[in-house]
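Tertiary structure, described
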Amino acid sequence: MEVRIFEGEGNRAKILLENANPSYANALRRAILSEVPTLAIEDVIIYENSSSLYDEILAHRLGLVPIRTDLKRFNFRDSCVCGGAGCPSCTLTLTLEEEGPKVVYSHDLKSPDPELTPVEGIPIVKLGKGQRLRLEAEAVLGKGKEHAKWQPAVVGYKYYPVIEVNDKCTACGECVAACPRDILAIEENKVVVKDIEACTLCRACAQACEEEAINVKGDPTRFIFTIESNGSLPAVEIFREACREISKKAEKMVSLL
Amino acid sequence: MYRCGSCQREVELAKDEPVRCPFCGYKILFKVRSSVVKRVKAR
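Read on for a plain summary of the structure. Predicted model only: the values in this text are computed from it and were never measured.

**Observations concerning the sheet that holds strand E2 (residues 10-11) of chain B**
Residue and element names in this part refer to chain B.
- With antiparallel pairing, the 3 strands of this open sheet are ordered in space as E2-E1-E3. Every other strand in the sheet has two partners, leaving E2 and strand E3 (29-31) as the edge strands with one partner each.
- The pairing of strand E1 (residues 2-4) with E3 spans 3 bridges and is antiparallel. Its bridge partner being in E3, Cys4 is matched across the sheet by Leu29.

Below, the structure is given as structure tokens:
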């Protein structure tokens, strides 16, 4: 199996996985969603809330805010040295103290560490004149399988497209017009594929062709993953962690046998 | 521990006492939020 990274900038990544089978690709996808650890707010201690939202609603919204995570610096709460008491190696405590009239955003949460901040720009609640909000939020490591707030990204994969144009092609251009992604073109009286990786395997081109000259297939041994991180971890690191988690599970299995 | 609807003053009312502000006589009082610190699960 080989892995190649197409685009690895920050929160978006396109990764090619070769010489693999669909079960493995799916396992990776599922691992990204449910097994990659992330920081998210788990407990909210509310001292003052005169906002228009109930405490529980506020807490729910805070839980969903993605928090930049450094996996090397945190343990899970139940496996931490402090025994779950809430020390700095398992818990990140963010504070919020605001008074209206203003909109309280995710970046108004104060973190003890400038590298472990919540992703900015997410509105939490609108405070009117005189309305106050004072709270502490404890962020903890968790996995998507326990609660969606810990899901680091959205993922999808597709087979690597294989488009073959044979000699029956008359260069009529029907397929070129039919393609919703505009990846076909006519060059020297033949239809040519301009950007194979953008193909979505919709087969509109094959349907449009009256000569059966174009054939669209997906290669079930090569996969293009598209990962969009929520900001908690860089997209490429998410993929790496997912691989590691699968590896850990496989090793656990071997040790049990 | 109630707040008067017009003069905003904090008023303490005993059980079975008439519902009116002892300072300004206004008859609508709001209950103030308890000072107990609340711990909520963010789920």
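**With respect to the sheet that holds strand E8 (residues 153-165) of chain A**
Residues and elements named next belong to chain A.
- On the basis of which strands lie adjacent, the open sheet formed by 4 strands has the order E1-E2-E11-E8 and antiparallel pairing. Of all the strands in the sheet, the pair left with one neighbour each is strand E1 (2-7) and E8. When the angles between neighbouring strand axes are averaged without regard to direction, this sheet yields 30 degrees.
- Bridging between E8 and strand E11 (residues 214-229) involves 13 bridges; their strand directions are antiparallel. Considered in E11, the bridge of Val155 is made with Ile227.

**Let's talk about helix H1 (residues 22-34) of chain A**
Residues and elements named next belong to chain A.
- In this model H1 runs 18 Å from its N-terminal to its C-terminal C-alpha over 13 residues, within 8% of the 18 Å that 1.5 Å per residue would give.
- Of all the positions in H1, only Ala25, Leu28, Ala31, Ile32 and Ser34 are classed as buried.
- Structurally, H1 contributes buried residues whose contacts are with strand E2 (12-18), E8, E11 and helix H5 (235-256).
- A side-chain oxygen of the first residue of H1 lies 3.1 Å from the backbone nitrogen of Ser23; this N-cap is Asn21.

Reading the values: rules and limits
- Residues numbered from 1 in each chain as written.
- Chains lettered and ligands numbered in written order.
- Predicted model: local features only at pLDDT ≥ 70, side-chain atom pairs only at ≥ 80, totals over all residues.
- Heavy atoms only, no water.
- Pairing = 2+ DSSP bridges.
- Helix = DSSP H or I, 4+ residues; strand = E, 2+ residues; numbered from the N terminus.
- Axes fitted to C-alpha atoms, helices over the stretch in contact; angles between N-to-C directions.
- Expected span 1.5 Å × (residues − 1).
- Buried < 20%, exposed > 50% of the residue type's maximum accessible area, 1.4 Å probe, protein only.
- Contact = heavy atoms within 4.5 Å.
- Polar contact = N/O pair within 3.5 Å; in protein donor to acceptor, adjacent residues only side chain to side chain.

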